[in-house]
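Structural characterization, general
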Amino acid sequence: MVKDQIEALRRELEQHNYNYYVLSSPTISDKEFDTKLRQLQELEEQHPEFFDANSPTQRVGSDITSGFEQVAHVYPMLSLGNTYSLAEVQDFYERVRKGLNEDFELVCELKYDGTSISLTYENGNLLRAVTRGDGEKGDDVTANVKTIRSIPLRLQGNYPPMFEIRGEILMPWSVFEELNIERERQEEPLFANPRNAASGTLKLQSSKQVAARKLDAYFYYMLGENLPAELHSGNLAAAKSWGFKISDATKVCRSLEEVAEFINYWDVERKNLPVATDGIVIKVNSLNQQKNLGFTAKSPRWAIAYKFQAEQAVTRLNSVSYQVGRTGAVTPVANLDPVQLSGTTVKRASLHNADIIESLDLHIGDMVFVEKGGEIIPKITAVDKVARETNFMMGDKVKFIKNCPECGAALMRIEGEAAHYCPNENACPPQIKGKIEHFVSRRAMNIDGLGSETINLLYQNDLLHNIADIFELKVPDLSRLERLGTKSAYNIKDGVEKSKEVPFERVLFALGIRFVGETVAKKLAFAFKDIEAIEQATLEKLIAVDEIGERIAQSVIRYFADAANIEIVSRLKSYGLQMSLTEEKLQARGEALAGLSIVISGTFALHSRDEYKTMIEMNGGKNVGSVSAKTSFILAGENMGPEKLKKAEKLGVKLVDEKTFLTMINAEQQEETQQGLLF
Ligand code: IVH
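These remarks concern the structure in this document. Predicted model, so just to flag it, every value in this text is computed and none were measured.

1. A closer look at the site of the ligand
- Neighbouring the ligand are 15 residues, the closest being E109, L110, R132, E168 and Y220.
- Between an oxygen atom of the ligand and a side-chain N or O atom of K111, the distance comes to 3.3 Å.
- Within the side chain of E168, a nitrogen or oxygen atom sits 2.7 Å from an oxygen atom of the ligand.
- Taking 530 Å² as the accessible area of the ligand by itself, protein coverage stands at 92%.
- Going through the elements one at a time, β3 (106-112), β8 (216-223) and β10 (277-284) are the ones with two or more residues in the shell around the ligand.
- When residues of the shell around the ligand are assigned to their parent elements, the largest contribution, four residues, is made by β3.
- For the shell around the ligand, the per-class residue count stands at eight nonpolar, two polar and five charged.

2. Section: the state of the cysteines
- Enumeration according to the criterion identifies zero disulfides in this entry.
- Among the cysteines around C422, which has no disulfide bond, C407 carries the closest sulfur, lying 3.6 Å off.
- Take C422: its relative accessible area is 3%, and that puts it in the buried class.
- Here C428 is not cross-linked by a disulfide; its sulfur's nearest cysteine counterpart is in C404, at 3.7 Å.
- For C428, a relative accessible area of 0% corresponds to the buried category.

3. Description of helix α22 (residues 563-574)
- A rise of 1.5 Å per residue sets the reference length of α22, with its twelve residues, at 16 Å; its end C-alpha atoms lie 17 Å apart and thus fit the reference within 8%.
- The complete set of buried residues in α22 reads N565, I568, V569, R571 and L572. With its buried residues spanning 160° around the axis, α22 presents them on a single face. In α22, those exposed residues whose orientation departs by more than 90 degrees from the buried face are A563 and S574.
- Those residues of α22 that are buried are in contact with α13 (429-440), α19 (531-536) and α21 (550-560).
- N-capping of α22 is provided by D562, with a side-chain oxygen placed 2.9 Å from the backbone N of A564.
- Positive phi appears at G576, one or two residues downstream of α22, with a value of about 100°.

4. Overview of the sheet that holds strand β9 (residues 250-253)
- Strand order in the open sheet formed by five strands is β2-β11-β10-β3-β9, with mixed pairing between adjacent strands. Each of the sheet's edge strands pairs with one partner strand only, and the pair in question is β2 (82-83) and β9.
- Here helix α3 (residues 86-100) sits on the sheet and contacts β2, β3, β10 and β11 (303-307); the angle it forms with β11, its principal contact strand, is near 175°.
- Strands β3, β9 and β10 of the sheet are contacted by helix α8 (residues 232-242), whose axis makes an angle of about 55° with β3.

5. As for the pattern of salt bridges
- Applying the stated criterion across every chain yields a total of 32 salt bridges.
- A salt bridge links R11 to E7, with the shortest nitrogen-to-oxygen separation between them at 3.9 Å. Of this pair, R11 and E7 both sit in helix α1 (residues 2-21), separated by four residues, roughly a single helical turn.
- You can call R11 partly exposed: its relative accessible area is 40%.
- Assessed through its relative accessible area of 26%, E7 is described here as partly exposed.
- A salt bridge links K307 to D278; its shortest N-O distance comes to 3.4 Å. Here the residue K307 occupies a position in strand β11, and D278 occupies one in strand β10, the gap between them amounting to 29 residues. The burial state of K307 is the same as that of D278; both residues are buried.

6. Digging into the packing of α1 against helix α2 (residues 30-46)
- Where α1 contacts α2, the axes come no closer than 10 Å and their chain directions differ by 145°. Crossing geometry of α1 relative to α2 is assigned as left-handed. Of the residues in α2, those touching α1 at V2, Q5, I6, L9, R10, E12, L13, H16, N17 and Y20 are D30, F33, K36, L37, Q39, L40, L43 and E44.
- Class assignment for the residues of the contact of α1 with α2 results in nine nonpolar, four polar and five charged.

7. Observations regarding the environment of Q90
- Along the polypeptide, Q90 turns up in helix α3.
- For Q90, a relative accessible area of 38% gives the class partly exposed.
- Separated by 101 residues in sequence, Q90 and F191 have C-alpha atoms that sit 36 Å apart.

8. Quick look at helix α9 (residues 256-269)
- In a regular helix each residue adds 1.5 Å, so 14 residues correspond to 20 Å; α9 covers 20 Å between its end C-alpha atoms and thus fits that length.
- Among the structural elements, α3, β3, β9, β10 and β11 are those in contact with the buried residues of α9.

9. Observations regarding a positive patch on the surface
- Together, K214, K630, K647 and K650 make up a region of like positive charge exposed at the surface.
- With respect to the helices and strands, K630 occurs in the loop between β20 (622-624) and β21 (633-636).

10. Structural notes on the packing of aromatic side chains
- In total, this model carries 22 aromatic pairs according to the counting rule given.
- On the numbers, 6.2 Å between centres and 85° between planes, the contact of F439 with F471 is edge-to-face. Taken together, the positions of F439 in helix α13 and F471 in the loop between α14 (452-460) and α15 (475-480) put the pair 32 residues apart, joining distant regions of the chain.
- The class for F471 is buried, based on a relative accessible area of 9%.
- Feature note: the residues Y121, Y159, F163, F219, W242 and F244 constitute an aromatic cluster, connected by ring pairs.
- Over the face of the ring belonging to F515 we find R551, whose NZ or CZ atom lies 4.0 Å from the ring centre.

11. Looking at the packing of α3 against α9
- Where α3 meets α9, the closest approach of the two axes is 11 Å, and the angle between their N-to-C directions is 145°. As α3 packs across α9, the resulting crossing turns out to be right-handed. When α3 is examined against α9, the residues L86, V89, Q90 and Y93 are found in contact with a partner set consisting of L256, V259, A260 and I263.
- A class-by-class count of the residues in the contact of α3 with α9 yields seven nonpolar, one polar and no charged.

12. Structural notes on the side chain of S286
- Tracing the sequence through the fold places S286 in the loop between β10 and α10 (287-293).
- In this structure S286 comes out as buried when scored by relative accessible area, which is 14%.
- Within the local environment of S286, its side chain forms a polar contact with the backbone nitrogen of N288, the two atoms lying 3.2 Å apart.
- Contacts of S286, omitting those with residues within four sequence positions, involve E230 and L231.

13. A look at the environment of R183
- Structurally, R183 is set in helix α5 (residues 173-185).
- Residue classification places R183 among the buried positions, given a relative accessible area of 14%.
- Once you skip the residues sitting within four places of it in the chain, R183 turns out to touch E188, P189, L190, F191 and R213.

Definitions and limits used
- Residues numbered from 1 in each chain as written.
- Predicted model: local features only at pLDDT ≥ 70, side-chain atom pairs only at ≥ 80, totals over all residues.
- Heavy atoms only, no water.
- Near = heavy atom within 4 Å.
- Polar contact = N/O pair within 3.5 Å; in protein donor to acceptor, adjacent residues only side chain to side chain.
- Areas by Shrake-Rupley, 256 points an atom, 1.4 Å probe, with all protein chains shown as cover.
- Helix = DSSP H or I, 4+ residues; strand = E, 2+ residues; numbered from the N terminus.
- Nonpolar A, V, L, I, M, F, W, Y, C, P; charged D, E, K, R; others polar.
- Disulfide = S-S within 2.5 Å.
- Buried < 20%, exposed > 50% of the residue type's maximum accessible area, 1.4 Å probe, protein only.
- Expected span 1.5 Å × (residues − 1).
- Arc of directions from axis to C-beta.
- Contact = heavy atoms within 4.5 Å.
- Pairing = 2+ DSSP bridges.
- Axes fitted to C-alpha atoms, helices over the stretch in contact; angles between N-to-C directions.
- Salt bridge = Lys/Arg side-chain N within 4 Å of Asp/Glu carboxyl O.
- Left-handed = near helix turned anticlockwise from the far one by under 90°.
- Patch = residues over 30% accessible without salt bridge, like charges linked within 9 Å, V, L, I, M, F, W, Y side chains within 5 Å.
- Lys, Arg positive; Asp, Glu negative; His and termini not counted.
- Charge placed at Lys NZ, Arg CZ, Asp CG, Glu CD.
- Phe/Tyr/Trp six-rings, centres within 6.5 Å; stacked < 30°, edge-to-face > 60°.
- Lys NZ or Arg CZ within 6 Å of the ring centre and 35° of its normal.

It is worth stressing that arrangement in space is one thing and function is another; only the former is reported here.
The structure is reproduced here in structure tokens:
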């Protein structure tokens, strides 16, 4: 009885998953889906004897880290030969024609630019998911792959008892962009393209985190003993009927002209797809003919990839300049003759670091290839060496600078990192100004009126050399500056005074210690309670804090090893800045919102948005940016964004006004409200 009920719920949820993630046409609301899923979860909890590793409840992932086991591929995972022109595709066509000496069909598909995966199904159940690895053996990433909603865990219809299916795991552009925005905010290194982001995600140790990254997958190749069809296209159609996501951009072609047409069409149209593609794959359709053609050591003779031209332009390198950021990182930038590249004029391109400059063998005056590809900033991919022979203007070889272009200090390189740094953090102008800008910014000390121009002005007038000097600024000094009136001067002074109430964790963030973003600052503040404890903390003690690794810990130690920083911190303390957690805060830390994800939206009358954010964190909740099915509720103020509202309605996420919220976090009422809030 119960078993049937559980089974029926699983089938129903599987169908809804398929409708939503594969067909993109849901037939029930997310709220109904969640209710059913919760129902299933409860039944499974009450009846552990009916556990199923492929139940829809298993898609949420877990935090358990286990490392990845290496698994040998039954059939090696080979790569494809690449071609870059129609002429080369024609060569392939001729080779196939000669090799077969009979009529043949080709299947054209998109070449998805993600990370390849091989899935094994046994009796319609997902048994294992393995990465390509070295082609012979890969990592077993089954737990992570199960969180990808468009991958069926159980199949429908008439499938062979055992088979493998291969495809590509992808991170959609929209998810990739959102992820990078968040990483930038957390001062984490950005992913260069969705491919790296997808493969990085697949290797995460927590499948819960993988689930949050919203990966997608397309399948394009089936292997096994009893495949349903004699044709590749037939197998894809069968796989589609079992529940796999098979691209609609798949076409059986009977001539080279049809192949060319497919290539030309998708070269343009691919830009409208939600995921990255980097070419076309052309395969012989008949499995029998595939077998006759066979493989070379590295790749099949029956298939080839045609790679799209990355968006590329050629232009002259005029000079290389070096930018010094707030943290002292030195970025080389190429200054180019302006050139058109996919709709924009490009004048500058990133050169990333010294190693890249060296490997390109760059000379001033060189004609260089600039590409946009999947990257955000255009980059130089190669030098046109032939053009050098007729180039009378070729200048010196580009050598990475040894000294900071701003302050002259000798640059250094931290072991294991590609970037050069200017270590002169307290006397190098862009670092000083950058640090001050960061210190006064809204999320840090929130001092109004001190924009970058004003900071520059104060710096040039010798009134501001470091963040502590801000507290010594006098109204007459300020108002005497050009462009700055008495009113603005008073405003600044006012903002400076108010900042003395900014809580410790934000002061810590405001100091601008490398790698100490908002989240890390909070973790440190709550773990050590005051600045002295952080100053004295050993590497071991720092690393013992949740989410703090060696890189961050080393950076904190480096910061406090510098006497100039110690002096700044002690001056800040003497001006009355908050350098420890208030007693209130220590005690106020509650659990009323433990485990809840809360979105803040709209404007509020009683407290500021940031205050609400702190309240959420202080009560064990998590403040998240966008509404999803996982959002527990929205703390809604006036004029909530229409998009958020629509989404909340669609997903059935509850809105909570500020008054209700404040009673919720009031300890006495904690229990009742928590219960009332979940449904
Ligand atoms: S077929 C034996 N089809 O490109 C050939 N591969 O360089 C099996 N890829 O490893 C691969 N889209 O990761 C095939 N429609 C497609 C593909 C595709 C992307 C990737 C895959 C493969 C690599 C080949």
